[in-house]
Amino acid sequence: MSEQLFKSFAIIGAGPNTGIHIVKAFLAIGAPILVIARPASTNVAALPADDPNLTVVRADYTSASEISTVLREYKVDVLISTVTLVFGGVVGQTVLADAAKEAGVKLFVPSEFGIKPQLAKGGLAFQKTDFAVYAKSIGLPTLRVFNGLFYEFVPWLTALADTGKFHIVNKGETPGSFTAVSDVAGYVAHILTTQPPSRLLDVEIQIEGQRATLSEIGALYKGRAPVVYCDHLPTEGVVNAHFRTFFQKHIEAGGGSCGWNPVTESDDAELASRDNSLWEGHHWLTVSEALAQ
């Protein structure tokens, strides 16, 4: 007998960076999805108002009982979180995990959607590691999706959006994983609606649109923006320049690849895209294709 697939999906954090793309990916394949928005959120204005597969409710993300009530009412099988790391959303996921556990949610997809976080306290995105440990401690199954860096993230990372110049810290010659946000969103919707639960429970997914270096990506901007090699990003007019510099150095050390093992601090290029095959026949956008859009 085949396993029964997940049928009911909800998302928290349907903002412009990742969440709204996942919502639209579900709607594109005709799959119903529940959006749980904050009481004062304006992000829902960007969602299609007339799609019968879209339901929007509002709830307080800091109230486990309130979120749990919503999840039970809609009999949610899978809860997806795309809350932000920058504004403390990832730390607040423990409340969402408690609510999901209490409501009988079968799978929690936490806000990863990037490179693998460092393990040590104070390391890059270590809060995501802490959450994974917490979810396991309460017996809540998770599906962690690692896709490297979004192509759309590169102009921010290199201060191109701030300065008009593509800044590369040091040499930028270490390969990393880069993926279009549309591919990540489509992939999430696809596997959650087509894969049996046993393939997704307590699993780490590793996908990659293209393996490339920052130097190779910088070359694609030839004639459009100058490429500047530097020891650190300029601070004038560049918010969080020190963090961006730190991020680029982590990529140069190998941490930008989905094949990166944070325990051994080594990279396996073949493992970086090991789960692409779950979306059979899909064409993954390259960097140049994404830039042309």
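This one's a predicted model, so the numbers in the text were calculated from it and none came from an experiment. (Residues numbered from 1 in each chain as written. Predicted model: local features only at pLDDT ≥ 70, side-chain atom pairs only at ≥ 80, totals over all residues. Heavy atoms only, no water.)

Time to look at unusual backbone geometry. Phi is positive for N170, close to 65°, though the residue is something other than glycine. Notably, D202 is not glycine yet its phi reads approximately 55°, a positive angle. Here D202 lies in the loop between α8 (197-200) and β10 (203-206). (Helix = DSSP H or I, 4+ residues; strand = E, 2+ residues; numbered from the N terminus.)

Residues V23, F26, I80, F113, L143, L192 and I205 are the most contacted members of the largest nonpolar core, which totals 38 residues. Of all the secondary structure elements, the ones that give two or more residues to this core are β1 (9-12), α1 (19-28), β2 (33-37), β4 (78-81), β5 (107-109), β6 (143-146), α7 (181-194) and β10. Here this core gets eight residues from one element, more than from any other, and that element is α7. (Core = buried A, V, L, I, M, F, W, Y, C linked by side-chain atoms within 4.5 Å. Buried < 20%, exposed > 50% of the residue type's maximum accessible area, 1.4 Å probe, protein only.)

With that settled, the discussion passes to the pairing of β2. Counting buried positions over the five residues of β2 gives five, a clear majority of the element. Pairing analysis gives three bridges linking β1 to β2, with the strands arranged parallel. Bridge assignment links I12 to a residue of β2, and that residue is I36. In terms of handedness, the path from β1 via α1 over to β2 forms a crossover that is right-handed. Summarising the sheet, β2 and strand β3 (residues 54-58) pair through five bridges and their orientation is parallel. The residue of β3 that forms the bridge with L34 is T55. (Pairing = 2+ DSSP bridges. Right-handed = clockwise from strand over helix to strand, strands pointing away.)

Here T213 is to be found in the loop between β11 (210-212) and α9 (214-219). Once residues lying within four places of it in the same chain are set aside, the contact partners of T213 are G172, E173, T174 and P175. (Contact = heavy atoms within 4.5 Å.)

Turning our attention to the pattern of salt bridges. With the rule as written, the count across this model stands at nine salt bridges. The partner of R211 in a salt bridge is D267, and the shortest N-O contact between them spans 2.4 Å. Residue R211 is found in strand β11, and its partner D267 is found in strand β14 (residues 266-267); the two are separated by 56 residues along the sequence. Assessed through its relative accessible area of 26%, R211 is described here as partly exposed. By relative accessible area, D267 is classed as partly exposed at 35%. In this structure, R274 and D275 form a salt bridge, with 3.1 Å as the shortest nitrogen-oxygen distance. (Salt bridge = Lys/Arg side-chain N within 4 Å of Asp/Glu carboxyl O.)

The next subject is the sheet that holds β1. One open sheet holds the five strands; their spatial order is β3-β2-β1-β4-β5, and the pairing between them is parallel. Each edge of the sheet is formed by a strand with only one pairing partner; in this case those strands are β3 and β5. For this sheet the average axis-to-axis angle between neighbouring strands, irrespective of direction, equals 20°. When β4 meets β5, the two strands line up parallel, connected through three bridges. Of the residues in β5, the one forming a bridge with V78 is L107. (Axes fitted to C-alpha atoms, helices over the stretch in contact; angles between N-to-C directions.)

For the rest of this paragraph, the subject is the packing of aromatic side chains. As enumerated under the stated definition, the model contains 10 aromatic pairs in all. Each ring, one from F153 and one from F247, has its centre 5.4 Å from the other, and the planes form 50°; the classification is tilted. Separated by 94 residues along the polypeptide, F153 in the loop between β7 (149-150) and α5 (154-157) and F247 in helix α10 (residues 241-255) bring together distant segments of the chain. Under the relative-accessibility criterion, F153 is labelled partly exposed at 25%. For the pair F166 and Y221, a centre-to-centre distance of 5.2 Å together with 40° between the ring planes defines the contact as tilted. Residue F166 is located in strand β8 (residues 166-169), and its partner Y221 is located in the loop between α9 and β12 (227-230); the two are separated by 55 residues in the primary sequence. Grouping residues by exposure puts F166 and Y221 together as buried. Site record: aromatic cluster; members linked through ring pairs are F153, W156, F243 and F247. (Phe/Tyr/Trp six-rings, centres within 6.5 Å; stacked < 30°, edge-to-face > 60°.)

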